[in-house]
Amino acid sequence: MSSLNWPLYEVFVRSKQGLDHKHVGSVRAADGQMALEAARDLYTRRNEGCSIWVVESEQITASQPSEQGPLFDPAEDKVYRHASHYSIPADIKHM
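Residues numbered from 1 in each chain as written. Predicted model: local features only at pLDDT ≥ 70, side-chain atom pairs only at ≥ 80, totals over all residues. Heavy atoms only, no water.

The name an unreviewed UniProt entry gives the protein chain is Phenylacetate-CoA oxygenase, with Vibrio nereis as the organism.

Structure, rendered in structure tokens:
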């Protein structure tokens, strides 16, 4: 199998200061371990990260911007999910 036929992996890196992983790019690799090592070499050369995730691109299911309405509209009628609709009891101190 030539490297052109290797699966595409999406790379996510968590910075030392951050709490979440951010998408930083993609690599092609024969397997997950090779993808992890390639991602380390490409995306954390200056010791920027403390954690790396690699995910085979074809395993990701994502919404499309054109689906925004049908996908997110049902949440608009659930105003009770917004904290602004609740009052804070007097015996709870604000921070």
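**Quick word on the overall build of the protein chain**
Looking only at helices and strands, one finds two helices and three strands in the protein chain. Secondary structure elements of the protein chain occur, N-terminal to C-terminal, as β-β-α-β-α. The buried share of the protein chain, taken over its 95 residues, is 15%. Of the contacts made within the protein chain by residues no fewer than 6 positions apart, 46% connect residues no fewer than 24 positions apart. When the accessible area of the protein chain is evaluated, it comes to approximately 7,900 Å², of which 54% is carbon and sulfur surface. (Helix = DSSP H or I, 4+ residues; strand = E, 2+ residues; numbered from the N terminus. Buried < 20%, exposed > 50% of the residue type's maximum accessible area, 1.4 Å probe, protein only. Contact = heavy atoms within 4.5 Å. Areas by Shrake-Rupley, 256 points an atom, 1.4 Å probe, with all protein chains shown as cover.)

**A word on the sheet that holds strand E3 (residues 49-56)**
Strand order in this open sheet of three strands is E2-E1-E3, and the pairing throughout is antiparallel. Each edge of the open sheet is held by one strand with a lone partner, namely strand E2 (21-28) and E3. Across the sheet, the axes of successive neighbouring strands diverge by a mean angle of 25°, strand direction being ignored. Relative to E2, strand E1 (residues 8-15) runs antiparallel, the two being bridged by seven bridges. Paired with Arg14 across the two strands is His21, which belongs to E2. (Pairing = 2+ DSSP bridges. Axes fitted to C-alpha atoms, helices over the stretch in contact; angles between N-to-C directions.)

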